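# A look at the structure
Read off the chains here:
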Amino acid sequence: MQAELLLHPQWIVPVDAAASILTDHSLAVSGGRIRALLPTAEARAHIRAAQEIELPGHVLIPGLINAHTHSPMVLLRGLADDLPLMTWLNQHIWPAEQRWAEPEFVRAGTRLAALEMLKSGTICFNDMYFFAEVTAKAAADIGMRAVAGMILVDFPTRFAETPEEYLRKGLALHDRYRDHALICTAFAPHAPYSVSDGPFERIRTLSNELDVPVHIHLHETHDEVVQSLRDHGERPLARLERLGLLGPNLVAVHMTQLEAAEIAAVAHANAHVVHCPESNLKLAAGFCPAARLLAAGVNVALGTDGAASNNDLDMMGELRTAALLGKGVADSPAALPAYTALRMATLNGARALGIDAETGSLETGKSADMVALDLRDPDTQPVYNPVSQVVYAAGRDQVQQVWVAGRHLIRDGEPTTLDPAAILDEARVWGARIAASQ
Ligand SMILES: [Zn+2]
């Protein structure tokens with residue numbers, strides 16, 4: 001058998017249904033896809049590869065999927081901290097965005113975010129931001145996967161004046177990337193408190209027609225629920241259900257405020273939840289009952305949220321926080337075991353975004369979206385269980401190699417399609433400009 005690329009890592013964690021951990025196995029790639037996963041002795045005997053890479057002491061995992069972020073917001077990292085959500089949004093973030101969020105800001109921010117994400121093992125991000133066409137193009141140029149959000153808010157921004165204009169621009173983006181190998185789209189109504197019923201109904205119809213996810217902040221804080229009860233006489237989830245949006249296309253981000261009946265309703269609807277533990281902790285938004293949702297059969301993915309409320313885009317860190325917090329919230333050390341946390345950061349993200357036939361696990365036929373972590377550092381020695389090391393001990397420094405669709409995007413810790421010096425120069429210029437205006 002011929003292959004373009006043959007990897008010989010010490011361990012492979014495919015994140016398959018059997019929760020396997022493979023030792024002395026190799027992985028062959030051709031045409032950007034995983035062609036075989038087989039014992040190394042067999043691979044060495046039978047596979048002729050154009051490129052063969054030895055990875056002693058490394059564990060190979062599926063590329064991480066950041067299921068909720070606002071990538072250009074890296075340029076606002078650290079601008080306003082230690083504030084509650086509504087003060088942070090209304091008095092700091094939205095005014096800064098009204099002033100600065102234009103295509104050049106989005107381009108520079110996306111590139112900085114992509115550099116940080118790739119270097120920490122993230123191969124795909126689900127984005128919600130203005131000028132998503134700029135983010136989509138930047139990701140495609142870099143060779144990363146992205147889900148570009150067709151954002152909608154009721155109020156005018158530099159991007160669009162009315163809900164109709166947001167939708168029109170979003171649908172044009174959807175059409176442009178309809179058959180793209182790396183980029184897809186999702187509706188991204190910002191939140192129940194920033195979108196009214198009319199636009200939600202339009203999005204429901206379009207989402208059903210096009211079978212596209214609806215990515216929304218939902219039940220993020222107690223105040224959001226109280227405000228919805230006051231303004232609409234119902235909780236946000238009940239309102240979305242009334243509007244026909246609670247279904248398998250719903251990607252509900254945060255979900256820190258949930259009653260038992262709501263967990264059952266989300267499970268029954270086959271809706272997806274994206275848990276963003278560090279953002280929730282930083283804004284003291286509350287705790288997503290991730291273990292209870294999983295036990296109810298809900299698909300729970302993992303996201304960092306934007307860097308202005310985290311303040312990094314490090315999915316390795318998020319993975320560890322999710323596992324630790326999950327135990328604390330469930331009052332059980334058995335809650336959210338390491339393999340489950342890794343599944344949330346990979347396959348569950350792909351399922352939420354509707355791309356699990358393509359990515360999310362290392363299985364024959366799927367895209368070769370892979371990360372190799374070097375566990376030979378003092379921080380991760382000795383190794384009894386590589387999944388335990390990945391979740392509880394490793395960090396983004398251990399990420400050494402990243403491939404997306406078989407393309408080597410991080411080689412020995414360094415990007416191959418991005419120029420870090422140029423990206424950092426741009427980020428410094430933006431930072432100085434924004435700081436001068438404060
Ligand atoms: Zn967010």
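Structure: see above.
A brief report on the enclosed structure follows. (Residues numbered from 1 in each chain as written. Predicted model: local features only at pLDDT ≥ 70, side-chain atom pairs only at ≥ 80, totals over all residues. Heavy atoms only, no water.)

The helix and strand inventory of the protein chain stands at 16 helices and 17 strands. In summary, the protein chain has a C-alpha radius of gyration of 21 Å against a globular reference of 22 Å for 438 residues, a match within 12%. Dimensions of the protein chain, computed from the C-alpha atoms along their principal axes, are close to 65 × 45 × 40 Å. The buried share among the 438 residues of the protein chain stands at 60%. Long-range pairs, those at least 24 residues apart, make up 73% of the contacts in the protein chain with a sequence separation of at least 6. With the model as given, the accessible surface of the protein chain reaches about 16200 Å², and the carbon-plus-sulfur share is 51%. Positive and negative side-chain charges of the protein chain, numbering 35 and 52 respectively, have mean locations separated by a distance of 3 Å. (Helix = DSSP H or I, 4+ residues; strand = E, 2+ residues; numbered from the N terminus. Rg over C-alpha atoms; globule rule 2.2 N^0.38 Å. Buried < 20%, exposed > 50% of the residue type's maximum accessible area, 1.4 Å probe, protein only. Contact = heavy atoms within 4.5 Å. Areas by Shrake-Rupley, 256 points an atom, 1.4 Å probe, with all protein chains shown as cover. Lys, Arg positive; Asp, Glu negative; His and termini not counted. Charge placed at Lys NZ, Arg CZ, Asp CG, Glu CD.)

Here the focus is empty space enclosed by the protein. Counting across every chain of the model gives two cavities of 30 Å³ or more. The wall of the largest cavity is formed by 22 residues, among which His70, Leu89, Trp94, His190 and His217 lie closest to the centre. Here the lining of the largest cavity is composed, by residue class, of 13 nonpolar, six polar and three charged. Roughly 70 Å³ of internal volume is contained in the second largest cavity. Residue composition of the lining of the second largest cavity, grouped by class: six nonpolar, two polar and two charged. (1 Å grid on protein atoms, 1.4 Å probe; cavity = no way out; pocket = protein on both sides within 12 Å on 5 of 7 lines; lining within 4 Å. Points joined across faces, edges and corners; volume = space filled by probe spheres on them. Nonpolar A, V, L, I, M, F, W, Y, C, P; charged D, E, K, R; others polar.)

What follows deals with the pairing of strand S3 (residues 25-30). Among the six residues that make up S3, six are buried, leaving the element largely enclosed by the rest of the structure. Side chains His25, Leu27 and Val29 of S3 all project onto a buried face; the interleaved residues Ser26, Ala28 and Ser30 project onto the opposite face, where all are buried too. Inspection of the sheet shows strand S1 (residues 2-12) paired to S3 by three bridges, in the antiparallel sense. Residue pairing across strands places Leu5 opposite Val29, the latter belonging to S3. As paired strands, S3 and strand S4 (residues 33-39) are joined by six bridges and run antiparallel to one another. Considered in S4, the bridge of His25 is made with Pro39. Here S3 folds back onto S4, and the loop between the two strands holds two residues, one of which, Gly31, carries a positive phi near 55°. (Pairing = 2+ DSSP bridges.)

This next bit is on helix H7 (residues 222-232). Among all positions of H7, only Glu224, Val225 and Ser228 are buried. Seen from one end, H7 has its buried residues packed into an arc of 95°, which puts them on one side. Across H7 from its buried face, at more than 90 degrees, point the exposed residues His222, Asp223 and Arg230. Positioned one or two residues after H7, Gly233 has a phi angle of 75°, which is positive. (Arc of directions from axis to C-beta.)

The interhelical angle for the contact between helix H12 (residues 315-330) and helix H15 (residues 386-393), taken along N-to-C directions, is 95°, at an axis separation of 7 Å. Regarding the angle of H12 to H15, the classification is roughly perpendicular. For the pair H12 and H15, the contacting residues are Met316, Leu319, Arg320, Ala323, Leu324 and Lys327 in the first and Val390, Val391 and Tyr392 in the second. (Axes fitted to C-alpha atoms, helices over the stretch in contact; angles between N-to-C directions. Parallel < 35°, antiparallel > 145°, perpendicular 65-115°, else oblique.)

Another point: the packing of aromatic side chains. Within this structure, the stated rule accounts for six aromatic pairs. Here Phe105 and Trp430 contribute two aromatic rings whose centre-to-centre distance is 5.4 Å and whose plane-to-plane angle is 85°, an arrangement assigned as edge-to-face. Of this pair, Phe105 sits in helix H3 (residues 103-119) while Trp430 sits in helix H16 (residues 420-436), and the two are 325 residues apart along the sequence. Here Trp430 falls in the buried class, since its relative accessible area comes to 5%. Ring pairs connect the aromatic residues Trp100, Phe105 and Trp430, which therefore count as one cluster. Seen from the ring of Phe159, Lys169 lies directly overhead, with NZ or CZ sitting 5.0 Å from the centre. Lying across the ring of Trp430, Arg433 places its NZ or CZ 4.4 Å from the centre. (Phe/Tyr/Trp six-rings, centres within 6.5 Å; stacked < 30°, edge-to-face > 60°. Lys NZ or Arg CZ within 6 Å of the ring centre and 35° of its normal.)

Taking 1.5 Å per residue as the helical rise, H12 with its 16 residues ought to reach 22 Å, and the 22 Å between its terminal C-alpha atoms agrees with that figure. Buried within H12 are the following residues: Met315, Met316, Glu318, Leu319, Thr321, Ala322, Ala323, Leu325, Gly326 and Lys327. Two or three places before Met316, at the start of H12, stands the capping residue Asp314, its side-chain oxygen 2.9 Å from that residue's backbone nitrogen. Positive phi shows up at Asp331, right after H12, with a value of about 55°. (Expected span 1.5 Å × (residues − 1). Polar contact = N/O pair within 3.5 Å; in protein donor to acceptor, adjacent residues only side chain to side chain.)

Bear in mind that shape data such as this cannot, by itself, settle questions of function.
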